[in-house]
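Coordinate inspection notes
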Amino acid sequence: MKTLNILLSAFRALQRNKMRSFLTMLGIIIGVAAVIAMLAIGQGAEYSVKQQIASLGTNVLMVFPGAQQQAGVRVAAGSAVTLTEDDAQAIATECPAVQFISPGSFAGGQVIAGNLNWNTHIQGVGADYLEIRDWPVEYGDFFTEQDVKSATKVCILGKTVANNLFPESDPVDQTVRIRNVPFKVLGVLTSKGQNAMGQDQDDVILAPYTTVIRRLAHWQNLAYVLVSAVSLQDIANAQQQITDLLRMRHKIQPYEPDDFTIRNQTDIASAATATTQILTILLASIASVSLLVGGIGIMNIMLVSVTERTREIGIRMSIGARARDILTQFLIEALVLSLLGGTTGIIFGVVGSSAISNFAKWPTIITAFSIILSFGFSIAIGIFFGFYPARKAAMLNPIDALRYE
Amino acid sequence: MSQEQSTPLPGADGELIRIDHLTKVYQLGEVEVHALRGVSVHVAKGEFVAIMGASGSGKSTFMNILGCLDKPTKGTYDLEGIDVAKLTRDELAAIRNKKIGFVFQGFNLLSRTSAIENVELPMFYSTVSNKLRKAKAIEALNKVGLGDRIDHYPNQLSGGQQQRVAIARALVNDPSIILADEPTGNLDSRTSVEVMGIFQELNRNGITVILVTHEPDIAQFAKRHVLFRDGKIKSDKVNPNPRLADEVLREMPTIDEEQEEAA
C-alpha cells in the first residue's frame, strides 16, 4: 500500500470519529503546549537572571582586604587594614587590564529630608562608580573626582530613596540629613530594579567614599575596591595583575597567602544560571507528564479502534492485506493523531507563552530547540503508544476477525 | 495472475485446485475437534461448484482452507500448482489478494466508504497504479450492473446492491477463483436469484466459482454438487440440469405482483 494512500485512509478513519479524534489529540495538544510554555517561562527566567547579573557589570571584580589574624585565629574577611586608598590608586594606574576603579565603604542609617525619613544603605564610592556599574543618572549630576578628594558632603539618591523622601518635589539641590550630617543632593539615579538575589538596588544613597569614611562610617578603612576590567576577556588578566601588584605592594613572600580576596561576578552568575536551569528542567518535566498522559490516551483510543474495527481488519486481510499493511495502517493513524496534536500544541504553546508575557509580565523565550523537542516528542509518542495497538491488529487471525461481531 | 501464466498440473490438464486427504483438527482446550477427516477434491478451471452440507459438516472449515485463510493440519492443497500448505502468512495474503475473490454472506463492505473505494481496496494491497485502479474498479462495477452507483455508500444501497459491490470487489484483481460463502443468506429470494445470475454470468465468461450454501434451491444454479457430512465428502456429483437464473427470474413474480395477487 502506497504511503499517500495510507495517509489518506488514516485521515479518513480519523475523520469518521471527529469528536473522539479531537479529544485524543487534546491530550497531546495540552501536553505539547504545556512543554513549550514551561520551557519558554524557564528560559525567560534564565535570560532575565542573566540580564540582571549583567546589570551588575559582568566584567567587574571586587577586591576585599584580607582577614585579620589574631594569634592564628582569622576574623572575617575585610577586617584587616590591608587595602588602602594608595592600593586602589595603584590598581588604577599600574594594571593595564583595569579600566576603572571605585574604592568603596559602607554606612547605614536613618536619612531625613524635611518631615520624611527613610532607612537605607549609604554607599561610599569613587567618581567612576557609575561607569563600572553602567548605571546612568536620571537627572541631576554625579559627584566629581574633586568632590572625592575634598570629601564634599554631596550625595546621589537611588530611585526608591528619592521616591520616599521626596514624593512630590525635585530632590536636586535639596539637603538630606544622614545621621545628622547634611548632604546636598546632586542627582537621582535611574531605576535598576531588583538584583539577582531579590534586593532592591534602588534603595541606596551614593556619596564620595572619602566623605562616608570620614563622616559616617565607624570603620575608617576601605571596605572593598570595585574594579572593572577593560573587557570581559580581560577579567582573568586583571585579576592576575591586581594579585601581583598587591602582593608586591604588601611585600608578601611567595610562601605566604594573599592578604586580600578578589571575587568576580562570573561565579555568582553561574550559580544563579544553574538555579534557573534546574527550574526550567523541573517545569518541563512536569509538563512532559501531561504529554505522557496524552500518549496513553492515544494508545487507549487506538486499542478501542482496533477492537471496533476488527471486522474491517478481517475484511482487509481476506482481500490480501499482509500483517505489515495492517500494522502500518494503524501506526500511521496513531502518528497522524499525535502529529496533528503536536503541531496544534506548538501553536497553542507559542500563543500561550506570549499571552503569559503580556498578562503576567513574565519574560518568555521560545527557542527552536523547544519546538523541535516537542515535535520530536510527539512523533516518538505516536510511534511508541501506537505500536502496541497496531501490532495487536496485525496479529489478528483473519478468520476470527471476519467472524467478529 | 492472468490465465496464460498459470501452469496446469502434469496429468491433470486445466486443473485449478487439487486437494488430497485434507484433515483439519482444532484443539479446543483438552478436546480435539476433527473438522475435516480426509477430504479430496479436484476442481478444474471454469467449474461452478456448490459445496453443501449442514452446519458442523466441515464446509466452513473447508472454505477457510480453500480461501487460504487457514492452513490444513494434514494433506495437500495445490492452487495452480502452488503448495499452499507451505506458505507463510504474507505469502498467503498475496495469494488471497491475487488468486482468490471472496464474497461473504454479510457482504463485508467497509462502511462509510463508497462503492468504488470498496472495490478499489484489493488493489491497494497489490501494485496497481492509481489511474489503472480507478478504471478497473469502474469496469468491475459495470460488470455487476452498478456502473451508475459508484459513489454510493453501503448504507445507501440495498442488500442485493451491496452484494454486487462485494462481487465487484472480488472480481477486480482478476482472481483464479471466486469463493462465495452463503452469498444469498441475507437476501430475499428474488435478489438471491439475481445474485446467482451474476455468478452464472461470470462463470460463463470462464471464471471458476465455488459456492458454499446449505440451501438446495441456490445450489441448483451450480454445475456440480459436493456434499459434506461429518467432515467428509458424502457425495460429489455433476448437476445434470443447472437452473438458469435468467429463466427463473422471468417466471418469478415481482413483489408488487405478489401483493396484487394477495389483494
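Note: the structure precedes this text.
Here is a short report on the structure shown in this document. These numbers come from a predicted model, not from an experiment.

Conventions and cut-offs
- Here, residues in each chain are numbered from 1, in the same order as that chain's written sequence.
- Whichever chain is written first becomes A and whichever ligand is written first becomes 1, with later ones labelled in order.
- Only residues with pLDDT of at least 70 get local features here, since the model is predicted, and only at 80 or more are side-chain atom pairs given and counted; chain-wide, interface and lining totals rely on the full set of residues.
- By the criteria applied, helices consist of DSSP H or I runs no shorter than four residues and strands consist of E runs no shorter than two, each listed in order from the N terminus.
- Note that the radius of gyration is over C-alpha atoms, with the globule rule given as 2.2 Å times the number of residues to the power 0.38.
- Any residue with 12 or fewer other C-beta atoms within 10 Å of its own C-beta is exposed, any with 20 or more is buried, and the rest are partly exposed; the C-beta atoms used are placed from the backbone.
- By the criterion used throughout, residues are in contact when their C-beta atoms, derived from the backbone, lie within 7 Å.
- At least two DSSP bridges between two strands are required for those strands to pair.
- The convention used is that axes are lines fitted to C-alpha atoms, helices contributing only their stretch in contact, and that angles between N-to-C directions extend from 0 to 180 degrees.
- What a helix is expected to span follows from its residue count: subtract one and scale by 1.5 Å.
- Residue type decides the class: Asp, Glu, Lys and Arg count as charged, Ala, Val, Leu, Ile, Met, Phe, Trp, Tyr, Cys and Pro as nonpolar, and the leftover types, Gly among them, as polar.
- Reported orientations rely on four angle classes, namely roughly parallel under 35 degrees, roughly antiparallel over 145, roughly perpendicular from 65 to 115, and oblique for the rest.
- Left-handed describes a crossing whose near helix is turned anticlockwise from the far helix by less than a right angle; the clockwise case is right-handed.

Thoughts on the overall build of chain B
Per the secondary structure count, chain B includes nine helices and 10 strands. Relative to the 2.2 N^0.38 estimate, which gives 18 Å for 263 residues, the radius of gyration of chain B is 19 Å and therefore close to what a compact globule would have. Along the first, second and third principal axes, the C-alpha set of chain B runs to 55 × 50 × 40 Å. By the burial criterion, 44% of the 263 residues in chain B qualify as buried. Within chain B, counting contacts between residues at least 6 apart in sequence, those at least 24 apart form 69% of the total.

Observations regarding the sheet that holds strand S4 (residues 74-79) of chain B
Whether parallel or antiparallel, the strands of a sheet pair through hydrogen bonds between backbone atoms. Residues and elements named next belong to chain B. Read across the open sheet, the four strands follow the order S2-S1-S4-S5; overall the sheet is antiparallel. With one partner strand each, in any of the chains shown, strand S2 (31-44) and strand S5 (82-83) form the two edges of the open sheet. As paired strands, S4 and S5 are joined by two bridges and run antiparallel to one another. If you follow Asp 78 over to S5, its bridge partner there is Asp 83. Where helix H1 (residues 59-66) meets the sheet, it contacts strand S1 (15-28), S2 and S4, and its direction lies at approximately 60 degrees from that of S2.

Remarks on helix H8 (residues 235-249) of chain A
An ideal rise of 1.5 Å per residue puts 21 Å on 15 residues; H8(A) measures up with 21 Å between its terminal C-alpha atoms. Looking at the buried positions of H8(A), the neighbouring elements they touch are strand S1 (60-65), helix H3 (85-94), strand S4 (98-113), strand S11 (224-229) and strand S12 (260-264) of chain A.

As for the interface of chain B and chain A
On the chain A side, the residues contacting the 19 residues of chain B number 16 residues. A class-by-class count of the residues in the side of chain B that touches chain A yields nine nonpolar, four polar and six charged.

A word on helix H10 (residues 310-318) of chain A
Among the nine residues of H10(A), seven are classified as buried, and the element is accordingly described as predominantly covered. Listing the buried residues of H10(A) in full gives A:Glu312, A:Ile313, A:Gly314, A:Ile315, A:Arg316, A:Met317 and A:Ser318. Where the residues of H10(A) are buried, they touch helix H11 (323-360), helix H12 (368-394) and helix H13 (398-403) of chain A together with helix H2 (89-99) and strand S6 (100-103) of chain B. Where H10(A) terminates, the next one or two residues include A:Gly320, which has phi positive at roughly 115 degrees.

Focus on the sheet that holds S6(B)
All names here are of chain B. Taken in spatial order, the six strands line up as S6-S7-S8-S3-S9-S10 in an open sheet, and their pairing is mixed. On the outer flanks of this sheet lie S6 and strand S10 (232-238), each paired with one strand and no other. Ignoring strand direction, the axes of neighbouring strands in this sheet form an average angle of 15 degrees. One ladder, built from four bridges, connects strand S3 (residues 48-52) with strand S9 (residues 224-229); its direction is parallel.

Let's talk about the packing of H3(A) against H8(A)
Helix-helix packing is characterised by the crossing angle of the two axes and by the distance between the axes. Residue and element names in this part refer to chain A. It is the contact of H3 with H8, at a shortest axis distance of 10 Å, that shows an interaxial angle of 135 degrees. Taken together, the axis directions place H3 and H8 in an arrangement best described as oblique. Pair H3 / H8 crosses with right-handed handedness. Residues Asp 87, Ala 90, Ile 91 and Glu 94 of H3 lie in contact with H8, whose contacting residues are Ile 242, Leu 245, Leu 246 and Arg 249. Class assignment for the residues of the contact of H3 with H8 results in five nonpolar, no polar and three charged.

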